[in-house]
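Overview (structure and organization)
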Amino acid sequence: MYFPVYRPRRFRRTENLRRMIRETRLDVDHLVYPLFVMPGKGVKNPVQSMPGVFQFSVDQLIEEVRSVVALDIPGIILFGLPEKKDEIGSEAWADNGPVQQAVREIKRLWPQLTVITDVCLCEYTSHGHCGILEGNEVQNDATLELLARVALSHAKAGADIIAPSDMMDGRVSAIRDALDENGFDQTAILAYSAKYCSGFYGPFRDAADSAPKFGDRRSYQMDPANGAEALREVELDIEEGADMVMVKPALSYLDIIWRVKAECGRPVAAYNVSGEYSMIKAAAANGWIDGDRVMMEVLTSMVRAGADLILTYFAKDAAALLR
Ligand code: PBG
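Predicted, not measured: the structure shown is a model, and the values here were computed from it.

Quick look at helix α3 (residues 98–109)
The terminal C-alpha atoms of α3, which comprises 12 residues, lie 16 Å apart, in line with the 16 Å expected from a rise of 1.5 Å per residue. Contact partners of the buried residues in α3: β1 (31–38), α2 (58–70), β4 (75–80), β5 (114–119) and α4 (140–157).

Focus: the pairing of β4
The buried count for β4 comes to 6 of 6 residues, which makes it a mostly enclosed element. Here 6 bridges tie β1 to β4, and the two strands are oriented parallel to one another. Looking across to β4, one finds that Leu35 is bridged to Leu78. Pairing of β4 with β5, which is carried by 4 bridges, proceeds in the parallel orientation. Looking at the pairing, Gly75 lines up with Thr114 of β5.

Describing the layout of surface pockets
In this structure, the largest pocket encloses a volume near 280 Å³. Contributing to the lining of the largest pocket are 15 residues, with Glu137, Val138, Met168, Ser219 and Tyr220 lying nearest its centre. Residue composition of the lining of the largest pocket, by class: 6 nonpolar, 5 polar and 4 charged.

Some words on the site of the ligand
The environment of the ligand is formed by 17 residues, the closest being Arg205, Gln221, Lys248, Ser274 and Tyr313. Within the side chain of Lys248, one N or O atom sits 3.3 Å away from a nitrogen atom of the ligand. A distance of 2.6 Å separates an oxygen atom of the ligand from a polar atom in the side chain of Tyr313. Here the ligand occupies the largest cavity.

Topic: the packing of aromatic side chains
A ring pair, where both rings are aromatic, is described by two values, the distance of the centres and the angle of the planes. This model, assessed by the stated rule, comprises 10 aromatic pairs. Here the aromatic rings of Phe36 and Tyr313 are separated by 6.3 Å at their centres, their planes lie at 5°, and the arrangement is stacked. Of the two residues, Phe36 is situated in strand β1 and Tyr313 in the loop between β12 (309–312) and α11 (315–322); the sequence distance between them amounts to 277 residues. Judged by its relative accessible area of 0%, Phe36 is buried. Relative accessible area serves as the criterion here: at 2%, Tyr313 is assigned to the buried category. Their ring planes at 25° and their centres at 4.3 Å tell us that Tyr196 and Tyr253 sit as a pair that is stacked. Highlighted residues: Tyr196 in the loop between β9 (188–195) and α6 (202–207) and Tyr253 in the loop between β10 (244–248) and α8 (254–264), separated in sequence by 57 residues.

Things to note about α8
Residues of α8 that are buried: Ile256, Ile257, Val260 and Cys264. Down the axis of α8, the buried side of the element spans an arc of 100°, and every buried residue falls inside it. Exposed side of α8, more than 90 degrees from the buried face: Trp258 and Ala262 are the residues found there. A positive backbone phi angle near 65° is found at Gly265, which sits one or two residues after α8.

Notes on empty space enclosed by the protein
Taken as a whole, this structure holds 2 cavities of 30 Å³ or more when the rule is applied. Here the largest cavity defines a volume of roughly 110 Å³. In terms of lining, the largest cavity is formed by 15 residues, of which the most central are Cys122, Ser165, Lys195, Phe204 and Lys248. Considered class by class, the residues forming the lining of the largest cavity number 6 nonpolar, 3 polar and 6 charged.

Structural notes on the pattern of salt bridges
Per the counting criterion, the structure on display carries 15 salt bridges. In this structure, Glu15 and Arg22 form a salt bridge, with 3.4 Å as the shortest nitrogen-oxygen distance. Among the residues examined, Arg22 registers a relative accessible area of 37% and is labelled partly exposed. The salt bridge partner of Glu63 is Arg66, with a shortest N-O separation of 3.2 Å. Placement of both Glu63 and Arg66 in helix α2 is noted, with a separation of 3 residues, approximately one turn of the helix. Look at Glu63 and you get partly exposed, because its relative accessible area is 43%. Beyond isolated ion pairs, a larger network of salt bridges with shared partners links Glu15, Arg18 and Arg22.

Observations regarding the packing of α2 against α3
For the pair α2 and α3, the least separation of the axes is 10 Å and the interaxial angle reads 40°. The angle between α2 and α3 places the two elements in the oblique class. For the pair α2 and α3, the crossing hand works out as right-handed. Taking contact as the criterion, the partners of Val58, Leu61, Ile62 and Val65 in α2 are, on α3, Pro98, Gln101, Ala102, Glu105, Ile106 and Leu109.

Cut-offs applied
- Residues numbered from 1 in each chain as written.
- Predicted model: local features only at pLDDT ≥ 70, side-chain atom pairs only at ≥ 80, totals over all residues.
- Heavy atoms only, no water.
- Helix = DSSP H or I, 4+ residues; strand = E, 2+ residues; numbered from the N terminus.
- Expected span 1.5 Å × (residues − 1).
- Contact = heavy atoms within 4.5 Å.
- Buried < 20%, exposed > 50% of the residue type's maximum accessible area, 1.4 Å probe, protein only.
- Pairing = 2+ DSSP bridges.
- 1 Å grid on protein atoms, 1.4 Å probe; cavity = no way out; pocket = protein on both sides within 12 Å on 5 of 7 lines; lining within 4 Å.
- Points joined across faces, edges and corners; volume = space filled by probe spheres on them.
- Nonpolar A, V, L, I, M, F, W, Y, C, P; charged D, E, K, R; others polar.
- Near = heavy atom within 4 Å.
- Polar contact = N/O pair within 3.5 Å; in protein donor to acceptor, adjacent residues only side chain to side chain.
- Sits in = over half its atoms within 2 Å of the grid points.
- Phe/Tyr/Trp six-rings, centres within 6.5 Å; stacked < 30°, edge-to-face > 60°.
- Arc of directions from axis to C-beta.
- Salt bridge = Lys/Arg side-chain N within 4 Å of Asp/Glu carboxyl O.
- Axes fitted to C-alpha atoms, helices over the stretch in contact; angles between N-to-C directions.
- Parallel < 35°, antiparallel > 145°, perpendicular 65-115°, else oblique.
- Left-handed = near helix turned anticlockwise from the far one by under 90°.

Listed below in structure tokens is the structure:
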């Protein structure tokens, strides 16, 4: 059917007409807010490269979580910074580490809030890599046992969902086994399955102080040029026991979100990463774009691509606008 019989503009005339045929709806239900927690008391450090994002000590974090809950955001993801880094990142599984303390306190105050914890070693290792080293090589299998320890310490503290972001092969089964052997069969795993080696993580590495001290992450994170490989990673993680999978970053990888959603039959999360956030904030601060409008457009595009969940530093801004 062609013009003049079919005139698409007929349904664009009024807001009510547009509302009635709108295909995608961004809802607060999709949003997860990332938070950075560090040792100390009374700490609320602004992250220079991420306007509106802070590093919090546990006491300050609680106040921030209060505002997240007030906006009816259903979940948060926690990243931790240690007191002191070492070769193997041993503070990552300390029962009294900032993440573990924060999880206990948050679950005590808001048992219904979904608490996801990021499991990785890069914030905790002196060299900034996501696994332990032999020479300059990141050791896959030796790292698995440590990741399982981290996951277990988070589960013990009360995390609902464990999210491994390290990209070691076999980490999902190592974590699933450790959780099950210790009676945490109800703790879910959200695998960062298709995590690309991306330049968009720059600002996060300031926030989490996790930039590698030498080299890069190309030997474990995915090549941005690959799509079919993402599907293999997803399949592998589901085989190993992932309950939910993630594509990261989101904006330059909407095709991957779409393909993963079409094939995997599991809930799919998208990580709207730090660089995607900071680009919009910077352009908006310069008056070059309308920040709120672009934020909503970008988040809607992720839902349209098939994301069930969006991890985003915009969660609070978007939730406030959606009210
Ligand atoms: C690391 C990790 C990274 C992010 C989350 N977990 C980045 C990295 O590989 O350095 C990035 C998140 C963001 O950019 O917002 N394991």
